[in-house]
Amino acid sequence: MTSAVLAASYGWIMLLAAPILFCWQGMFYAIAFFCGDGMPEPMRTELSIVGGVLIISSGISILGIKDLKTVNLLPSLLVPVVFYLIKGLF
């Protein structure tokens, strides 16, 4: 859907990227669907919180309120995973 909206602004070449984006995002959905029960609920909650902050920072950058480097914040997605791995060892 987003590719169709962006195609109105950026031209028809954006429509060529739509199938690639669909497969890329579909892969993440499939991984989450099949591994969803293997991840503890608290870790899933923490990852959702970190993901929400990343989406907010991306939105703030797009709106031009503040220039936040969202890509530099991506390693923060590993913090809940490492925390629960360490927690599980002790």
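Residues numbered from 1 in each chain as written. Predicted model: local features only at pLDDT ≥ 70, side-chain atom pairs only at ≥ 80, totals over all residues. Heavy atoms only, no water.

Some details on the overall build of the protein
And step 1. Helix and strand content of the protein: 4 helices and 0 strands.
And step 2. Reading the protein from its N end, one meets helices and strands in the order α-α-α-α.
And step 3. In terms of C-alpha radius of gyration, the protein reaches 17 Å, well past the compact-globule figure of 12 Å for 90 residues.
And step 4. Considering the protein as a whole, with its 90 residues, one finds that 12% of them fall into the buried category. (Helix = DSSP H or I, 4+ residues; strand = E, 2+ residues; numbered from the N terminus. Rg over C-alpha atoms; globule rule 2.2 N^0.38 Å. Buried < 20%, exposed > 50% of the residue type's maximum accessible area, 1.4 Å probe, protein only.)

As for helix H2 (residues 13–35)
And step 1. With 23 residues, H2 ought to run about 33 Å at 1.5 Å a step, and its terminal C-alpha atoms sit 34 Å apart, in line with that.
And step 2. Helix geometry: H2 is bent most strongly at Pro19, by close to 25°. (Expected span 1.5 Å × (residues − 1). Bend = angle between axes of the 7 residues up to and from the residue.)

Some points on the confidence of the model for the protein
And step 1. Residues with a pLDDT of 70 or more make up 91% of the protein, whose mean pLDDT is 84.
And step 2. The spread of mean pLDDT over the elements of the protein runs between helix H1 (residues 2–10), the lowest at 69, and helix H3 (residues 41–63), the highest at 91. (pLDDT = per-residue confidence, 0-100.)

Some thoughts on the side chain of Thr70
And step 1. Positionally, Thr70 belongs in the loop between H3 and helix H4 (78–89).
And step 2. Thr70 has contacts with Leu54, Ser57, Ser58 and Ser61, leaving out every residue within four places of it along the chain. (Contact = heavy atoms within 4.5 Å.)

Focus: the packing of aromatic side chains
Note on aromatic pairs: each is described by the distance of the centres and the angle between the planes.
And step 1. Here the structure, examined in full by the defined rule, presents 4 aromatic pairs.
And step 2. Judged by centre distance (5.1 Å) and plane angle (90°), the ring pair of Trp24 and Phe28 falls under edge-to-face. Of this pair, Trp24 and Phe28 both sit in helix H2, 4 residues apart, which is roughly one turn of that helix.
And step 3. Between Tyr29 and Phe33 the ring centres are 6.1 Å apart and the planes differ by 20°, which places this aromatic pair in the stacked class. Of this pair, Tyr29 and Phe33 are both found in helix H2, 4 residues apart, which corresponds to roughly one turn of the helix.
And step 4. According to the relative accessible area criterion, Phe33 is exposed, its value standing at 56%.
And step 5. Three or more aromatic residues joined by ring pairs make a cluster, and in this case those are Tyr29, Phe33 and Phe34. (Phe/Tyr/Trp six-rings, centres within 6.5 Å; stacked < 30°, edge-to-face > 60°.)

Examining the pattern of salt bridges
And step 1. Evaluated as defined, the whole model comprises 2 salt bridges.
And step 2. Glu41 is paired through a salt bridge with Arg44; the nearest N and O atoms lie 3.4 Å apart. With Glu41 and Arg44 both in helix H3 and 3 residues apart, this pair spans about one turn of that helix.
And step 3. Among the residues examined, Glu41 registers a relative accessible area of 48% and is labelled partly exposed.
And step 4. The exposure class assigned to Arg44 is partly exposed, which follows from its relative accessible area of 32%. (Salt bridge = Lys/Arg side-chain N within 4 Å of Asp/Glu carboxyl O.)

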